Structure formats: structure tokens, C-alpha cells
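Spelled out, the chains give:
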Amino acid sequence: MDVHSRSVMACAIDNEAGEVRSLRLSPRTEAVVGWVCSLPAPAAVTYEAGPTGFGLARALERAGVRCVVVAPSKLERQPGDRVKTDRRDAERLARLLRIGELPAVRVPSEAEEAVRDLVRAREDVRGDLMRARHRLSKLLLRQGLFYDGCAWTGAHEVWLRSLSFDRVGVRLAFEEAFDAVLATQARRARLDTAITELAATPAFAPVVGRLGCLRGVSTLTAFGLATEIGDWHRFTGASIGAYVGLVPAESSSGEHRQQGAITKTGNSHARRLLVEAAWHHRKRYRLSRELIRRQDSQPAAVRARAEAGNRRLHRRWTRFDARSKRPHRQRGRCCPRAGRLVLEPRHHGAEHRTWHGLTHPRKARRRETGMRRQREERPAIQL
């Protein structure tokens, strides 16, 4: 089935006769379950995971119908297939289900999905706050106003409240933008309080406490990882990286092996939390008071495992720095995998430097590498 908010395109394949039937149904769960139960038993159903959630999967399981929820990003599509319709998608899902070639996802319980909605609501508010701050800062930038200190602190807020504008349009635009920032900050504070209270409940306190023994993992990060990953026992140290998209892409054939950037597939929220936590391990390893407080309430085995993990990650950063591995987050340069534009110098010899403007980092490096090869391959001129 291809499920949308207004209608459901369903496709049924008869195993004995091979007949294919397609029809549109109401998106209501009762209508879909009733139509599936009217089919000859035993029946199996599949649909793509998306904004419709997992309520349909739970209802089909209660009705005794096997349901497979598939990850859309893991479905293979032929390169020459340029026709995409709801009917073709539903038929393709039915055929893949028939031969057992569907990458299924885990269906969480209603309680897990509820706390996951809370965590993702907080993630949405974080993005809203970032955009609201950008709008306000760019409005002030157009007026020639700059703040020399650290932005978005208490002192910065005092400076913002002290601003006044003569023009009515600018004054109203500033008040609306500033009110949006304050309202979004209040929303984030309310969600943080709710998450902190839920993290202290018996269902999440053990996992959150163990994850809090790591550097860069506080209550919000630990609770987010606990809700996004769910059952930790279904992963190992070698498989959880693929789930969050932190394994390198690879295109190898025979003796030739080529690895690229990380795949960035799977759970993007969990991947962002892990990447942000990893930055804390670059600093000199020293236990802070907050980290000592979080570790004191945990068993000795948990503290020892966290200590080994913290030291291992710090050693990894040290080896990167020793090899002059430049991190992607640095001043004046953005991550090339983020698809952003940067302003970087272009060197034409030791004495002459020019700025060639806004260029994608990959293109800039390729152009610089090509020019270097041309200089090396250029024949020497003898006078």
C-alpha cells in the first residue's frame, strides 16, 4: 500500500492466480483493516514508514495480519525507471513483499512513539529558534548594528532590549523578530523541563544515567538517543554505526577499494546528537564537576566502561591532530559535505594571493589539484 493523508492506494496480488488488483481506499485505519481482513487468508501487508506513523501496523497486528513497515530510503529503484505513481509504488511494494525482499523497520510501542514525538518536537523548536535568531541578527546587520561580545547570552539580550529605532517599519519588524526569539526560547525551556522530568522516570533513568557517564552526553542528549534507538540489544558495536549513517560509503570491485564520505542514512537525529557529543572529546581529557556528579550515581563497572570509552575517543582525536587532519568545523570554512559555499583564498605563488570568491569546497580543491598537476607536468624552459 502507498499511504497518504487523503487516500490510500492499495494493490493486492493473488498468490495462486497471480492476479493484481489496485484500488483506492479511505485513509482511516478501520477502512484499511476491514479491506485487508476481507481478502483470502493468510494475508500480509506492507507500507512505507512516513508521517502516518505506526498506528496502522499495530491495528493490523491486533487483527492477526502480518504487517511489514518498510524504510523508503532503503528501497532500490532502477536507474531507468522515471515513472513514479501511487499505483506503481503500491504494486512494487506488493511484489517485493511477495518474494521477501523488503527492508523492514522496527515498530515501536505507543509509549516509545509518544516520547519520540516529544524529543522531535524539541528538535523542531531548536531549528525554529535558530531561524528566528538568524532573522533578527540579519535585520540588525542591515541596520549596521553589531554586537562585539558573545551572542545570545544574558548580556546580549540586555543589549537587544536597549535598541531603539526611529523608523516605524524597522521598529515593528525588530519587535516582531525579537518577540519570536523570546517565544521560541520559552517553548524550548518548557520542552526541556518536560524531557528532564521524563528522563528521571524508571523507564528511562537507567539508560540515561549510563549514557551520561560519557563526555558531551547530558540529559537531553542521552534521552534523545534512548528514545530514537529504542531497543539497544538489537545492535552491536559494529552495526549501530550503519543504523545512524556513520559508516563510510564504499565503491569497491576486485582489488580496488574506494571509500568516501559517511552514508548519512538512517536516523538523522541520533546521528546529529552523536556528532555533537564527539566534539567534546577533542579537548584535553579532564573530568568536570558535572561529569563526576553524573558518574557518582552509577555502578563501578559502568564508570570503568565510560572511562575507557572517553579515553579512547580522546586518543582518536589526538591521532587526528597529530596527522594534521583538519576538522570540518573551523573558522572561515564550512564542512564540504554540508553543501555550503565558503570563501577561501586561492594561491597563485608565494607572493601573489587573490580571493576567487564563493566556491564550493570540493570544486575549489579539484581546481587547485588540477592546476598543481599542470604546473608539475609543464616542461621546463631552458634559457
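Relevant structure appears above.
Residue positions within a chain follow its written sequence, with the count starting from 1. In keeping with the predicted nature of the model, local features appear solely for residues at pLDDT of at least 70, side-chain atom pairs appear and are counted solely at 80 or more, and the whole-chain, interface and lining totals rest on all residues. Side-chain figures throughout are based on the complete set of non-hydrogen atoms in the structure, without hydrogens or water.

Caption draft 1: Seen up close, the overall build of the chain. For the chain, the helix and strand inventory stands at 13 helices and 9 strands. Residues counted as buried form 32% of the 383 residues belonging to the chain. Considering only contacts within the chain whose residues lie at least 6 apart along the sequence, 51% involve residues at least 24 apart. Note on areas: these come from Shrake-Rupley sampling with a 1.4 Å probe, and a residue is covered only by the protein chains present in the view. About 25400 Å² of surface is accessible on the chain, with carbon and sulfur atoms providing 52% of the total. Each helix is a run of DSSP H or I of at least 4 residues and each strand a run of E of at least 2, with the numbering of both proceeding from the N terminus. Each residue is placed in one exposure class: buried if its accessible area under a 1.4 Å probe, protein chains only, is under 20% of its type's maximum, exposed if it is over 50%, and partly exposed if it falls in between. The contact definition used throughout considers only heavy atoms, calling two residues in contact when any of these lie within 4.5 Å.

Caption draft 2: Expanded view of the pairing of strand β4 (residues 44-48). Note: two strands are recorded as paired if DSSP finds a minimum of 2 bridges between them. Where β4 lies against strand β5 (residues 66-70), 5 bridges are found, and the strand directions are parallel. Counted as the bridge partner of Ala44 is Arg66 from β5. Look down the strands so they point away from you; if going from the first strand over the helix to the second traces a clockwise path, that crossover is right-handed. As a crossover connection, the stretch from β4 through helix α2 (residues 55-62) into β5 is right-handed.

Caption draft 3: Geometry of the environment of Thr85. Note that Thr85 resides in the loop between β5 and α3 (86-99). Within 3.5 Å is the distance limit for a polar contact, defined as a pair of N or O atoms, with the added protein rule that one can donate a hydrogen and the other accept it, and that residues adjacent in sequence qualify only through two side-chain atoms. Only 3.3 Å separates the side chain of Thr85 from the backbone nitrogen of Arg88, close enough to count as a polar contact.

Caption draft 4: The arrangement of unusual backbone geometry in detail. With an omega dihedral of -5°, the bond running from Ala41 to Pro42 counts as a cis peptide bond. Looking at where Pro42 falls in the secondary structure, it is placed in the loop between α1 (29-37) and β4. The backbone of Trp152 shows a phi angle near 60°, a positive value even though the residue is not glycine. Position of Trp152 relative to the elements: it lies in the loop between α4 (110-142) and α5 (154-161). You can call Trp152 partly exposed: its relative accessible area is 28%. Of note in this structure, Lys264 is not a glycine but carries a positive phi near 55°. Within the element layout of this structure, Lys264 appears in the loop between β7 (259-262) and α10 (268-279).

Caption draft 5: Summary view of the nonpolar core. Met1, Trp35, Val36, Tyr47, Leu56 and Leu60 are the most contacted members of the largest nonpolar core, which totals 20 residues. Listed by contribution, the elements that provide at least two residues to this core are β2 (8-13), α1, β4, α2 and β5. Setting aside its immediate chain neighbours within four residues, Trp35 contacts Ala10, Ala12, Leu23 and Leu25. By size, the runner-up hydrophobic cluster in this structure holds 18 residues, among which are Val119, Val125, Ala199 and Val217. For this analysis, a nonpolar core means a set of buried residues of the types Ala, Val, Leu, Ile, Met, Phe, Trp, Tyr and Cys, connected via side-chain atoms within 4.5 Å.

Caption draft 6: Structural detail: the environment of Ala90. With respect to the helices and strands, Ala90 occurs in helix α3. On the basis of relative accessible area, Ala90 is assigned to the buried category, the value being 0%. Along the sequence, Ala90 and Ala10 sit 80 residues apart, while their C-alpha atoms lie 6.1 Å from each other.

Caption draft 7: The pattern of salt bridges, seen in detail. Here, a salt bridge means any side-chain nitrogen of Lys or Arg that lies within 4 Å of a carboxyl oxygen of Asp or Glu. This model, assessed by the stated rule, comprises 22 salt bridges. A salt bridge links Arg77 to Asp81; the shortest N-O distance between them is 3.4 Å. Asp81 gets classed as partly exposed once you look at its relative accessible area, which sits at 22%. Several salt bridges share partner residues, and in doing so they unite Arg77, Asp81, Lys84, Arg88 and Asp89 into one network.

Caption draft 8: Structural view of the packing of α1 against α2. To obtain each axis, a line is fitted to C-alpha atoms, and for helices this fit is confined to the stretch in contact; angles are then taken between N-to-C directions over 0 to 180 degrees. It is the contact of α1 with α2, at a shortest axis distance of 10 Å, that shows an interaxial angle of 40°. Relative to α2, α1 is oriented oblique. As α1 packs across α2, the resulting crossing turns out to be right-handed. For the pair α1 and α2, contact is made by Thr29, Val32, Val33 and Val36 and by Leu56, Ala59 and Leu60, respectively. Put simply, angles under 35 degrees are roughly parallel, angles over 145 are roughly antiparallel, angles from 65 to 115 are roughly perpendicular, and the rest are oblique. Each crossing gets its hand from how the near helix is turned against the far one by less than a right angle, where anticlockwise is left-handed and clockwise is right-handed.

Limitation: the analysis is restricted to geometry and does not speak to function.
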